[in-house]
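Structural overview for review
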Amino acid sequence: MKNNKFIYIALCSIGFIACEPEFDQPLEGTPIAVQSAGEADFSNYVSIGNSLTAGFADGALYRSGQENSFANILANQMKTAGGGNFNTPFMTDDIGGFAGFEDNFGTRLVLQIGADGSRTPVRLSETASNDITATVEGSINNFGVPGAKSFHLAFEGYGNPAGIATGMSNPYFARFAQNPNSSVIGDAIASAPTFFTMWIGNNDVLSYATSGGSGILQPTPTTTDFSMIPPPGGDDISNPAYFGGVYSQLIAGLTSTGAKGVLVNVPDVSTIPFFTTVPFNAIPLDQATADAANAGFAPYNGGLQLAFRGGAISAKEAARRTINFTAGQNAVVILDENLTDITAINAGLLNIRQATDDDLLVLPASAFLGTPNAANNALINGVSAPLADKWVLTPEEQKLLSDATNAYNQTIKGLTDDNPNIVLLNANKLLKQLANGGLISEGTKVTSTFGTGGAFSLDGIHLTPRGNAVITNELIKVINKSFNATLQPVDPNRFKTISLK
């Protein structure tokens, strides 16, 4: 195929050609007015969750990200309302990752500006100083564990250093677990919280989504004893019944000593930049290249017509699967497991079609589309070499995610409806607002636009410090309204967005 280089160059800077990002300095020494806890008690606030709670950002956990987690910002606002110390298991540097484990835990992303003005997220080349075997001593308040799903919080031994090499435990929790047999929720309850926030459940759908739907929806549990059910793992969607049982047990434990708190529900993953940045029609072709591509797919298109006339597929499916390129922007070619398998008719009639605006391409596809195929350099990824399942979320996969997310959120809302001491922050609604025009918080507007919107970091999943400040203000609204507190909001504009290399 001609003009391969043309295709690649046009794709390599997706998301950074429209407008300039903002690069503000982090908050330093902002005075806090005297505040009241109202009917709440902030003397021992703990936060429970995953990477969003920990302050993970730009594809890594690093110190300044932790300092600007929503939990840390909120704890700071609580201090003049009776709030105590908020202890975080800080990483040792601002590089991110663990020394010697770069393949599994990479350094953080920063924005590199090329000589041609292109903007590309790249990993820091420095070596991390964080020792994966080092532990943090003393009491902890931020129980955010990157990678944790709902059931991981109750898993005893999830922080056992001996299980890190085999993947049976989590190195982030191993850094601060009270003992090798600890569970995250057990340690959190043992710390005797007076107030808590819990934001968990994102990873129960996110790992399936970021893998392009490579996993499955776990089957319905056959028993109500959730401690006996093998937990879903890998890239699977946690079964909603399993999630509901585990989540309810987590909340029962946290509220058993009278602690009040806020539950944050699960956002719709289709609203975050990881899935909204790369357009379905991301392939730019000139007329000559389009003609060459069409000639290459002519036998495939002809085979579809034969399959239709033979009754193997409908006219509608034949039209949906027909590949056609024109001069200009073109839809990428993808594999779709939901299409009818007609390879028995002809092995060349693969389950492929061109993407539509109902499909979601994952963010890493921006660096893969238009490049030569590894197995055959004559083929181009996304054109003559269809994208594998891991690069795309199809409508069918999105529905599985949406149904599970809605079920999770029904569980969470039900628990807040039944207990006046725990209230709900609707993060699902907030992130949809970020994706549809943006949110204005204390005069500062943020959106979910990748690289320039201010809310999301360079991994397209986790929040920037400014995004965390906005979430903090939303939490403060809920806390003030529900518990008659007078916590003051923060100024999001005083918190940075993304970092340049």
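Residues numbered from 1 in each chain as written. Predicted model: local features only at pLDDT ≥ 70, side-chain atom pairs only at ≥ 80, totals over all residues. Heavy atoms only, no water.

Structurally, the position occupied by Ser 64 is in helix 3 (residues 63-67). For Ser 64, the residues in contact, after removing those within four places along its chain, are Asp 94 and Lys 496. (Helix = DSSP H or I, 4+ residues; strand = E, 2+ residues; numbered from the N terminus. Contact = heavy atoms within 4.5 Å.)

Bringing empty space enclosed by the protein into the picture now. Gaps left between atoms show up when a probe the size of a water molecule is rolled over them. For the structure on display, the rule yields four cavities of 30 Å³ or more. Counted as a void, the largest cavity has a volume near 160 Å³. Lining the largest cavity are 15 residues, with Leu 52, Asn 202, Pro 267, Ile 272 and Ile 461 positioned closest to its centre. Ranked by residue count, the leading element in the lining of the largest cavity is helix 7 (residues 202-210), at three residues. Broken down by class, the residue content of the lining of the largest cavity amounts to 10 nonpolar, five polar and no charged. By volume, the second largest cavity amounts to about 60 Å³. The wall of the second largest cavity is formed by Ala 54, Leu 61, Gln 66, Thr 88, Pro 89, Asn 142, Gly 144, Pro 146, Tyr 172, Arg 175 and Phe 176. Of the residues in the lining of the second largest cavity, the class split is six nonpolar, four polar and one charged. (1 Å grid on protein atoms, 1.4 Å probe; cavity = no way out; pocket = protein on both sides within 12 Å on 5 of 7 lines; lining within 4 Å. Points joined across faces, edges and corners; volume = space filled by probe spheres on them. Nonpolar A, V, L, I, M, F, W, Y, C, P; charged D, E, K, R; others polar.)

By secondary structure assignment, the location of Thr 197 is in strand 5 (residues 195-199). Residue contacts for Thr 197: discarding those within four places in its chain leaves Tyr 45, Val 46, Ser 47, Ile 48, Phe 70, Leu 74, Val 262 and Leu 475.

The buried fraction of strand 1 (residues 45-49) amounts to five of the five residues, a majority that puts the element mostly inside the structure. Both faces of strand 1 are covered, namely the face carrying Tyr 45, Ser 47 and Gly 49 and the face carrying Val 46 and Ile 48. As defined by bridge partners, strand 1 adjoins strand 4 (residues 142-144) across three bridges and the pair is classed as parallel. When the bridges of strand 4 are listed, Ile 48 appears paired with Phe 143. (Buried < 20%, exposed > 50% of the residue type's maximum accessible area, 1.4 Å probe, protein only. Pairing = 2+ DSSP bridges.)

This part takes up the domain arrangement of the protein chain. Domain assignment breaks the protein chain into domain 1 (45-275 + 396-494) and domain 2 (283-354 + 360-393). Computed over C-alpha atoms only, the centres of domain 1 and domain 2 are separated by 37 Å. Taking both partners together, domain 1 and domain 2 bury about 1,100 Å²; carbon and sulfur atoms supply 58% of that area. On the surface where domain 1 and domain 2 come into contact, there are zero salt bridges. For the interface between domain 1 and domain 2, the tally reads three residue pairs in polar contact (both at pLDDT 80 or more). (Domains from an automatic or database assignment. Buried area = accessible area lost by both parts, 1.4 Å probe. Salt bridge = Lys/Arg side-chain N within 4 Å of Asp/Glu carboxyl O. Polar contact = N/O pair within 3.5 Å; in protein donor to acceptor, adjacent residues only side chain to side chain.)

On to the nonpolar core. If you look at the biggest cluster of nonpolar residues, it comprises 130 residues, and the most contacted ones within it are Phe 42, Met 198, Phe 275 and Ile 479. Here this core gathers at least three residues from each of two domains, domain 1 (45-275 + 396-494) and domain 2 (283-354 + 360-393). If we skip the residues at most four places from it in the chain, Met 198 touches Ile 48, Leu 153, Tyr 247, Leu 250, Ile 251, Leu 254, Val 262, Leu 263 and Val 264. (Core = buried A, V, L, I, M, F, W, Y, C linked by side-chain atoms within 4.5 Å.)

Turning next to unusual backbone geometry. Where the residue is not glycine, phi is negative for most of them; where a peptide bond is considered, it is trans in most cases. Positioned with a positive phi, Asp 58 is a non-glycine residue whose angle comes to about 55°. Within the element layout of this structure, Asp 58 appears in the loop between helix 2 (51-54) and helix 3. The phi dihedral of Glu 442 falls on the positive side, at around 50°, and the residue is not glycine. Here Glu 442 is to be found in the loop between strand 14 (439-441) and strand 15 (444-446).

Looking now at the pairing of strand 3 (residues 119-123). When strand 2 (residues 109-113) meets strand 3, the two strands line up antiparallel, connected through five bridges. From the neighbouring strand, Gln 112 faces strand 3, where its bridge partner is Thr 120. Linking strand 2 to strand 3, which pair antiparallel, is a turn of five residues; within it Gly 117 sits at a positive phi near 90°.

As enumerated under the stated definition, the model contains 19 aromatic pairs in all. Put simply, the rings of Phe 42, Tyr 45, Phe 86, Phe 195 and Phe 483 pair up and form one aromatic cluster. Directly above the aromatic system of Tyr 62 lies the positively charged group of Arg 108, at a separation of 4.5 Å from the ring centroid. (Phe/Tyr/Trp six-rings, centres within 6.5 Å; stacked < 30°, edge-to-face > 60°. Lys NZ or Arg CZ within 6 Å of the ring centre and 35° of its normal.)

Following the criterion strictly, the structure yields eight salt bridges and no others. Close ionic contact of Asp 336 with Arg 353 constitutes a salt bridge, the shortest N to O distance being 2.7 Å. Of this pair, Asp 336 sits in the loop between strand 9 (333-335) and strand 10 (352-354) while Arg 353 sits in strand 10, placing them 17 residues apart in sequence. Judged by its relative accessible area of 1%, Arg 353 is buried. Here Lys 477 and Glu 474 are joined by a salt bridge, their closest N and O atoms 3.3 Å apart. Of this pair, Lys 477 and Glu 474 both sit in helix 14 (residues 465-483), separated by three residues, roughly a single helical turn. Look at Glu 474 and you get buried, because its relative accessible area is 11%. Residues joined by salt bridges that share partners form a network here, namely Arg 320, Asp 336, Arg 353 and Asp 359.

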